[in-house]
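Structural overview for review
Here is how the chains run, residue by residue.
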Amino acid sequence: MVLRLPIAHFFEGVCFGLFLSMSIVTVQLGQCGNQIGFEVFDALFNDSHCPRGLCSKKENEAYQASCKERFFSEEENGVPLARAVLVDMEPKVINQTLSKAARSGRWKYGQHSCFCQKQGSGNNWAYGYSVHGPRHEESIMNLIRKEVEKCDSLSGFFIIMSMAGGTGSGLGAFVTQNLQDQYSSALKMNQIIWPYGTGEVIVQNYNSILTLSHLYRSSDALLVHENDAVHKICAKLMNIKQISFCDINQVLAHQLGSVFQPTYSGEGSFHYRRNPLGDLMENLVPHPEFKMLGVRNIPQMSENSLAYSTFTWAGLLKHLRQMLISNAKMEEGIDWQVRPPLSGLPPLGKMSVNREIHFNTSIANLVILRGKDAHSADVGAFKDPALYTSWLEPVHAFNVWKTQRAFRKYERSAALVSNSQSLVKPLDRIVGKAWNMFASRAYLHQYTKFGIEEEDFLDSFTLLEQVIASYCNL
Amino acid sequence: MGYLMTFSHVLSFRVVGDGGSISKGKICSLKARAVLIDMEEGVVNEILQGPLRDVFDSKQLITDISGSGNNWAVGHKVFGSLYQEKILEKLRKSAEHCDCLQCFFIIHSMGGGTGSGLGTFLLKVLEDEFPEVYRFVTSIYPSGEDDVITSPYNSILAMKELNEHADCVLPIDNQSLFDIISKIDVMVNSGKLGAAIKPKSLVTSSTGVFKKRQEKPFDAMNNIVANLLLNLTSSARFEGSLNMDLNEISMNLVPFPQLHYLVSSLTPLYTLADVNIPPRRLDQMFSDAFSKDHQLIRADPRHSLYLACALMVRGNVQISDLRRNIERLKPSLQFVSWNQEGWKTSLCSVPPVGHSHSLLALANNTCVKPTFVELKERFIRLYKKKAHLHHYLQIEGMEESCFSEAVSSLSALIQEYNQLDATKSMPVEDLPRLNVAV
């Protein structure tokens, strides 16, 4: 137990240099990946420079330094450079992204950290994977290597992509595979955006199943965000009338920030965690067959409302837990009728996607608390073995990270990263729609033209049906 | 008459001369990436003497004097072989000036001789010479009261080529364009529109007087087609929160290679005539896009079957507006069983000049079928009597089998649409999924 004596502060000041965080290299792919990537870096930076951290100046500085080391490197004139590589097959979005960052004057992207072509991937996974991938492999991997070399110590890669289009999805899958080959000891987390159910792209379900099946083999964890869910948050919680992609991306960035910003490394510790990706994986992905993660964040509201709201840890955690077990994606419209099966009794029979899912079983959960009196928050309700599948000890299935330092303008905020059944239904819908289309052979000629054959589709279907079945059988 | 235009990925112009002209903003230094082809000189000469003369490179022309006599065979076989080398040379020149050539836009009519015959000959040349570059064809189909007697022959012969060598076809008919212009005409004359017509707009003649009851207001009609192409390329040219490149059109809207005919609709329409009207409510714009009055071909997509639909929005429209309208309109539209929720959407931030927003809808829908059926019927009426057939058969390389093959090709296409229509009222069931061992 560390004593908070004045002299301990001195040692903290000296010693925190030794405990600086490992770095994460972000790869932003396609329009979606680049638009979101910008919002994420902006959110991380602005939060770390928030004056009201609700903690001591020393702690705030340590927080800032840790965040900086993770996500930014420094340029000569002191302007932080995002540790990121921007990739797109057409130039408009990258140009926009670069100038938006530079305009802020507070941080920016490296001028030479981008790879760009003149012609997109045509929403074609096969084109992104089989044509752009091999053609530009060397250039892209070189850029990544340069970014990696700037890190004192690499935690791993954070790859942001959508799965509906052609570049993020196809080229993203290719790049991830390459990262697995070339950086086998570094971790890879893919942030994947799932498109709106009533499409944005007509072949989005094909692109999705091809992406997911390939990533399942080469990535360490898939962190999923669904546009439909984030859209509802914007509509119901943020009260935005005319919701733009910018709004959606900002909510997403907020959720990611609440996960990736520094947290203390243990109960009663005052050093920030060194290895964010490693710690996340260790807690949440105990088995390679189960790597789909979701994020929930509470509270989430417009700034105007925030000024008039106060929350208690007890209230926040109660809602968060019910969101988990009833599979709600936000704190409004929660079904309070859903209850975990009684302790000690066997689970309520095999879950079926056809039946209305009543209870969301988890493999592992991680709760992250930021803000006032976080150390006093009681997370006991999350340790209930009834929440979890039986093949992990509850002590391994649940973890909590607490940090005094508040996140953005929220006096108290809680994030939950879970590996649970909550993504089964959306996944099942995507696979179902892709299967119906596949059965009619529609659009297949667009893929076979670039070397992705029916065999490849069937392999993808098989893998994903297995993933669905595995999660259902928890 | 026929045109061929090529668009590069981002710019539709290339710059000639020194950089000084660019910084002074002179339009004369920009040249259209275009090749103009006609077997008569009249139209091309008019363009080269008109206000846009500096935009076209006078070296990128192919003209002759005698014309094709409204005969597809003359355009395709005679002028095709005569000008093949020259065409290739001009195309290669144009292509060299592109950093990244993505697609060709071919604009022509189906009913005549040059656009129809030489235009479709060109398709084959493009396919052979630039196999990886998309070929988008904007085809003007003959209307019922078309005054060219042989237009059914020309159209059917051209259709076979479109079936086989085009990636994507946007059929348009003059009657629909005329109806749209007439509607605007009525509104203007009835005084429903409060504000004045802008001077130098496209519905006024050079004397400044609005042309009432014109025979065929071709300039205004062509302006609609021009706007179609502008909107089609807007998301590739300008920024937006959800971009759409040209190669995505084919990817999303052509589920099977032969079914590549797309019905287009544009809203708002009034503004195309440069008339000053207050903008329609946003949601009304979406409803209009699906009404048969806004289609650029005689078709009613609402009562036929959708295979795929693309909505390309320009201006201050956000994703929530798009989603709200899709949800609202979806129940009244019928989609094929394997693509129940298949929408392709794009958001471009820059609206058309002078307006706050616009929408272009492209539909792969069985409502094109009646156009093809009518075309086939008109052809058969003519062919049965062997009327004017000798004009075609006397051309070297033309035989009766050309006609029978062309009709078969069209019949097969119609049959595809018939089969799809038959599935319209069938209940949609999910197919049994793969069974996996866990």
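The sections below set out a description of the structure shown in this document. Bear in mind that the values here come from a model prediction, so they are computed numbers and not experimental data.

Focus on the overall build of chain B
When its secondary structure is counted, chain B shows 13 helices and 13 strands. Residues counted as buried form 58% of the 438 residues belonging to chain B. Considering only contacts within chain B whose residues lie at least 6 apart along the sequence, 82% involve residues at least 24 apart. When the accessible surface of chain B is totalled, it reaches about 18,800 Å², and 53% of it is carbon and sulfur.

Brief notes about the overall build of chain A
A count of helices and strands for chain A gives 16 helices and 12 strands. Along the first, second and third principal axes, the C-alpha atoms of chain A reach 70 × 60 × 45 Å. The buried share among the 474 residues of chain A stands at 63%. Long-range pairs, those at least 24 residues apart, make up 81% of the contacts in chain A with a sequence separation of at least 6.

Re the side chain of Thr361 of chain A
Within the secondary structure layout, Thr361 of chain A lies in the loop between helix H12 (313–325) and strand E10 (362–371). Other than its neighbours up to four places away in sequence, Thr361 of chain A contacts Leu387, Tyr388, Thr389, Ser420, Gln421 and Leu474 of chain A.

Points about the environment of Gly333 of chain A
Relative to the elements of secondary structure, Gly333 of chain A occurs in the loop between H12 and E10. With 170 residues separating them along the chain, Gly333 of chain A and Met163 of chain A place their C-alpha atoms 28 Å apart.

Concerning the pattern of salt bridges
One side chain can pair with another of opposite charge once the charged atoms of both are near each other. Tallied over the entire structure, the rule returns 33 salt bridges over all chains. Residue Arg412 of chain A pairs with Asp373 of chain A through a salt bridge whose shortest N-O separation is 3.6 Å. Of the two residues, Arg412 of chain A is situated in strand E12 (residues 412–420) and Asp373 of chain A in the loop between E10 and helix H13 (394–397); the sequence distance between them amounts to 39 residues. Lys344 of chain B is paired through a salt bridge with Glu248 of chain B; the nearest N and O atoms lie 2.8 Å apart. Residue Lys344 of chain B is located in strand E12 (residues 343–348), and its partner Glu248 of chain B is located in helix H8 (residues 247–253); the two are separated by 96 residues in the primary sequence. The residues Lys344 of chain B and Glu248 of chain B share a single accessibility class, namely buried. Each of the salt bridges in this network shares a partner with another, and the network as a whole consists of Asp373, Glu411 and Arg412 of chain A.

Focus on the interface of chain A and chain B
Taken together, the contact pairs 54 residues of chain A with 55 residues of chain B. The junction of chain A with chain B conceals about 4,400 Å² of combined surface from both sides, 53% of it contributed by carbon and sulfur atoms. Together, Lys92, Thr198 and Ile202 of chain A form the three largest contributors to the area buried by chain A at its contact with chain B, with a combined 15%. Seen at the junction of chain A and chain B, the total is 4 salt bridges. Residues Lys433 of chain A and Glu341 of chain B are paired through a salt bridge, measuring 2.6 Å at the closest nitrogen-oxygen approach. Linking chain A with chain B are 31 residue pairs in polar contact (both at pLDDT 80 or more), by the criterion used here. Where the side of chain A that touches chain B is concerned, the elements lending two or more residues are helix H2 (30–48), helix H4 (91–104), helix H9 (245–260), helix H14 (424–439), helix H15 (444–448) and helix H16 (454–472) of chain A.

As for the side chain of Asn190 of chain A
With respect to the helices, strands and loops of the structure, Asn190 of chain A is situated in strand E7 (residues 187–194). Discounting chain neighbours no more than four positions away, the residues touching Asn190 of chain A are Ile159, Met161, Thr176, Leu215, Ser219, Ala221, Leu222 and Leu223 of chain A.

Concerning helix H3 (residues 57–71) of chain A
An ideal rise of 1.5 Å per residue puts 21 Å on 15 residues; H3 of chain A measures up with 21 Å between its terminal C-alpha atoms. Restricting attention to buried positions, one finds in H3 of chain A the residues Glu59, Asn60, Ala62, Tyr63, Ser66, Cys67, Glu69, Arg70 and Phe71 of chain A.

Thoughts on the environment of Asp456 of chain A
Residues and elements named next belong to chain A. Along the chain, Asp456 falls in helix H16. Once the C-alpha coordinates of Asp456 and Ser213 are considered, the two residues, 243 residues apart in sequence, prove to be 9.8 Å apart. When near neighbours in sequence (up to four residues on either side) are disregarded, Asp456 contacts Leu210 and Gly451. Of the polar contacts made by the side chain of Asp456, one reaches the backbone nitrogen of Glu453; its length is 2.7 Å.

Some details on unusual backbone geometry
Residue Pro299 of chain A is reached from Ile298 of chain A by a cis peptide bond, and omega for that bond is -5°. When you line up the elements, Pro299 of chain A lands in the loop between strand E9 (292–298) and helix H11 (303–306). Between Thr267 of chain B and the following residue, Pro268 of chain B, the backbone shows a cis peptide bond with an omega angle of -10°. You can see Pro268 of chain B is positioned in the loop between strand E9 (263–267) and helix H9 (282–289). In the Ramachandran plot, Lys386 of chain B falls in the positive-phi region, its phi being about 55° despite a non-glycine side chain. Checked against the element boundaries, Lys386 of chain B lands in the loop between helix H11 (369–384) and helix H12 (389–393). Residue classification places Lys386 of chain B among the partly exposed positions, given a relative accessible area of 44%.

Considerations on the nonpolar core
In terms of nonpolar packing, the biggest core is built from 269 residues, with Ile144 and Phe260 of chain A touching the most fellow members. Here Ile144 of chain A is in contact with Val27, Val85, Phe157, Val175, Leu179 and Tyr183 of chain A, once residues within four sequence places are set aside. Core analysis: the second largest hydrophobic core is formed by 8 residues, Ala34, Leu36, Phe56 and Leu61 of chain B among them.

A short note on the pairing of strand E4 (residues 84–88) of chain A
Residues and elements named next belong to chain A. Most of E4 is tucked away: 5 of the 5 residues are buried. Residue alternation in E4 divides its side chains into two sets, Ala84, Leu86 and Asp88 and Val85 and Val87, and both sets are buried. Where strand E1 (residues 23–29) meets E4, 4 bridges bridge the pair, whose relative direction is parallel. In the sheet register, Gln28 faces E4, and the bridge partner there is Leu86. Two elements, E4 and strand E5 (residues 114–116), share 3 bridges in a ladder whose sense is parallel.

Re the packing of helix H4 (residues 114–129) of chain B against helix H5 (residues 151–165) of chain B
Residues and elements named next belong to chain B. Where H4 meets H5, the closest approach of the two axes is 9 Å, and the angle between their N-to-C directions is 15°. The orientation of H4 relative to H5 falls into the category roughly parallel. With respect to the hand of their crossing, H4 and H5 are arranged in left-handed fashion. Taking contact as the criterion, the partners of Ser116, Thr120, Leu123, Lys124 and Glu127 in H4 are, on H5, Asn154, Ala158, Glu161, Leu162, Glu164 and His165. Residue classes in the contact of H4 with H5 are distributed as 3 nonpolar, 4 polar and 4 charged.

Some thoughts on the state of the cysteines
With the rule as written, the count across this model stands at 0 disulfides over all chains. Summary of cysteine pairing: Cys151 of chain A is not part of a disulfide, and the nearest cysteine sulfur, belonging to Cys67 of chain A, is at 14 Å. Overall, the relative accessible area of 10% leaves Cys151 of chain A in the buried class. Distance from the sulfur of Cys168 of chain B, which forms no disulfide, to the nearest cysteine sulfur (Cys103 of chain B) is 9.9 Å.

Thresholds, definitions, all that
Residues numbered from 1 in each chain as written. Chains lettered and ligands numbered in written order. Predicted model: local features only at pLDDT ≥ 70, side-chain atom pairs only at ≥ 80, totals over all residues. Heavy atoms only, no water. Helix = DSSP H or I, 4+ residues; strand = E, 2+ residues; numbered from the N terminus. Buried < 20%, exposed > 50% of the residue type's maximum accessible area, 1.4 Å probe, protein only. Contact = heavy atoms within 4.5 Å. Areas by Shrake-Rupley, 256 points an atom, 1.4 Å probe, with all protein chains shown as cover. Salt bridge = Lys/Arg side-chain N within 4 Å of Asp/Glu carboxyl O. Buried area = accessible area lost by both parts, 1.4 Å probe. Polar contact = N/O pair within 3.5 Å; in protein donor to acceptor, adjacent residues only side chain to side chain. Expected span 1.5 Å × (residues − 1). Core = buried A, V, L, I, M, F, W, Y, C linked by side-chain atoms within 4.5 Å. Pairing = 2+ DSSP bridges. Axes fitted to C-alpha atoms, helices over the stretch in contact; angles between N-to-C directions. Parallel < 35°, antiparallel > 145°, perpendicular 65-115°, else oblique. Left-handed = near helix turned anticlockwise from the far one by under 90°. Nonpolar A, V, L, I, M, F, W, Y, C, P; charged D, E, K, R; others polar. Disulfide = S-S within 2.5 Å.

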